[in-house]
Amino acid sequence: MTIGGDTAPYVQEFVFKDPRPLRMTPLYGPESGGTRVTIEGESLMTGANIEGLLGFPMNVSCRIECSTMTDNTLYCVTPRVSKTQTMAPVGLTFDGAERTLPSNVEYEYRPDPEITSLQPLKAFRGGGRTITVTGSNLNTVQKPQLVLKQGSTTSNVTDCTIVGSTTLHCPSPRIPEARRRRRQAGGDMYTASLIMDAVGTVQDLQGEFNVEDTMQIVADPYYFPFTGGKREYKGEALTLNG
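Peer 1: Just to check I follow, could you spell out the state of the cysteines for this structure?
Peer 2: Put plainly, a disulfide is one covalent bond tying together the sulfur atoms of two cysteines. The tally for this structure, following the rule as stated, stands at 2 disulfides. The disulfide that involves Cys62 links it to Cys76, with 2.2 Å between the sulfurs. Its torsion about the S-S bond being 85°, the disulfide of Cys62 and Cys76 is classed as right-handed. With Cys62 in strand E7 (residues 60–64) and Cys76 in strand E8 (residues 73–77), this pair connects stretches of sequence that are 14 residues apart. Residue Cys62 is classed as buried on the basis of its relative accessible area, which comes to 2%. Each bonded cysteine in the protein chain gets a number by its place in the sequence, and the pairs come out as 1-2, 3-4.

This is the structure in structure tokens:
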């Protein structure tokens, strides 16, 4: 190395690597995109510019999350497409050098979820009541979530269980304590919506699907203690007051 006419020895090891993407999950997601895809393999942190591509030679770009990369795992987020289709092969480019996953790995864009009902429309402030969401293509998304909103205030988000393509079971979210202290007689009204990758229509159930999305949130049940702190139960009907 020469700097200002002075020369000094400089040794920097340069290593050639051959990146090998091997596996990918999930293998499908909605047309609207937003699906976080995991790609596993070897020497994936090779090169300065890494790009995920769905369907050579169409080269639909899948945005790489650089901050979470390791040599064996990387994540990319799928973009929106205009129609359902299967993208194959799937691969990555490392400074322009293409590497494809095994030929049996394909990514399928499926129809966006559609919602037909959300029941019941009443839940407790403490959350946890099972809300049943019905519709179609509900299993297109890996991690659907339920959220309640009141103006600029958002409740805690809860993860839904995928029962099948037509049904989700979602625990009602817990309302933050600050909102509880401002509750109205008879309960507060919140707007329910879903988070499903980048599918925007499920965030406006009334406007997009004509589905009633106003949920009444009422106080948590409270039971009066038994006289003397306990009551012996001998088979007769047990009455709880609250």
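Peer 1: I tried to follow the sheet that holds E8 on my own but got confused; where do I start?
Peer 2: One key point about sheets: their strands pair by backbone hydrogen bonds, in either a parallel or an antiparallel sense. As summarised here, the arrangement of the 7 strands in space is E3-E5-E8-E7-E6-E10-E11, forming an open sheet in which the pairing is antiparallel. On the outer flanks of this sheet lie strand E3 (20–25) and strand E11 (97–100), each paired with one strand and no other. Neighbour-to-neighbour, the strand axes of the sheet open up by a mean angle of 35°, direction not taken into account. As paired elements, strand E6 (residues 50–54) and E7 share 3 bridges and run antiparallel to each other. Bridging from a neighbouring strand, Leu53 pairs with Ser61 of E7.

Peer 1: Help me understand the nonpolar core in this model?
Peer 2: Considering soluble globular proteins, one finds that nonpolar side chains tend to be buried as a cluster. Judged by nonpolar contacts, the single largest core of 24 residues is most densely connected at Ile115, Leu118, Leu146 and Met215. Listed by contribution, the elements that provide at least two residues to this core are strand E13 (114–119), strand E15 (130–136), strand E16 (145–150), strand E20 (167–171), strand E21 (188–195) and strand E22 (214–218). Ranked by the residues each element gives to this core, the list is headed by E21, at 3 residues. Dropping the residues within four chain positions of it, Ile115 is found in contact with Val133, Thr134, Gly135, Leu138, Leu194, Val202, Leu205, Phe209 and Val211. Listed in part, the 21 residues of the second largest apolar core include Leu54, Val81, Met87 and Tyr107.

Peer 1: Could you clarify how one ought to interpret the packing of aromatic side chains in this entry?
Peer 2: Each aromatic ring pair is summarised here by two numbers: the centre-to-centre distance and the angle between the ring planes. Tallying each qualifying case throughout the model produces 1 aromatic pair. Here the aromatic rings of Tyr107 and Tyr109 are separated by 5.2 Å at their centres, their planes lie at 85°, and the arrangement is edge-to-face. Looking at Tyr107, the relative accessible area reads 0%, which means it is buried. By relative accessible area, which is 1% here, Tyr109 ends up buried. The ring of Tyr75 carries the charged tip of Arg36 above its face, separated from the ring centre by 3.9 Å.

Peer 1: Mind showing me how you'd approach the pattern of salt bridges here?
Peer 2: Side chains that differ in sign of charge can pair as their charged atoms come close. Within the structure shown, the criterion is met by 7 salt bridges. Asp188 is the partner of Arg125 in a salt bridge, and the nearest nitrogen-oxygen pair spans 3.3 Å. Taken together, the positions of Arg125 in the loop between strand E14 (122–124) and E15 and Asp188 in strand E21 put the pair 63 residues apart, joining distant regions of the chain. Look at Arg125 and you get buried, because its relative accessible area is 3%. Under the relative-accessibility criterion, Asp188 is labelled buried at 2%.

Peer 1: Would you mind showing me how to read the side chain of Gln145 here?
Peer 2: Mapped onto the secondary structure, Gln145 falls in strand E16. On the basis of relative accessible area, Gln145 is assigned to the buried category, the value being 17%. Only 2.8 Å separates the side chain of Gln145 from the side chain of Asp159, close enough to count as a polar contact. Excluding its chain neighbours within four sequence positions, the residues that come into contact with Gln145 are Val157, Thr158, Asp159, Cys160, Ser193, Leu194 and Ile195.

Peer 1: Please clarify how the sheet that holds strand E19 (residues 161–164) should be interpreted in this entry.
Peer 2: Ordered by their spatial adjacency, 4 strands build an open sheet running E13-E15-E20-E19, and the pairing between neighbours is antiparallel. The outermost strands of the open sheet, each flanked by one partner alone, are E13 and E19. Direction aside, the axes of adjacent strands within the sheet are offset by 25° on average. Two strands pair when backbone bridges link them, and E13 and E15 are joined in this way by 5 bridges, in the antiparallel orientation. When the sheet's bridge partners are listed, Glu114 is paired in E15 with Ser136.

Cut-offs and rules
- Residues numbered from 1 in each chain as written.
- Predicted model: local features only at pLDDT ≥ 70, side-chain atom pairs only at ≥ 80, totals over all residues.
- Heavy atoms only, no water.
- Disulfide = S-S within 2.5 Å.
- Helix = DSSP H or I, 4+ residues; strand = E, 2+ residues; numbered from the N terminus.
- Buried < 20%, exposed > 50% of the residue type's maximum accessible area, 1.4 Å probe, protein only.
- Pairing = 2+ DSSP bridges.
- Axes fitted to C-alpha atoms, helices over the stretch in contact; angles between N-to-C directions.
- Core = buried A, V, L, I, M, F, W, Y, C linked by side-chain atoms within 4.5 Å.
- Contact = heavy atoms within 4.5 Å.
- Phe/Tyr/Trp six-rings, centres within 6.5 Å; stacked < 30°, edge-to-face > 60°.
- Lys NZ or Arg CZ within 6 Å of the ring centre and 35° of its normal.
- Salt bridge = Lys/Arg side-chain N within 4 Å of Asp/Glu carboxyl O.
- Polar contact = N/O pair within 3.5 Å; in protein donor to acceptor, adjacent residues only side chain to side chain.

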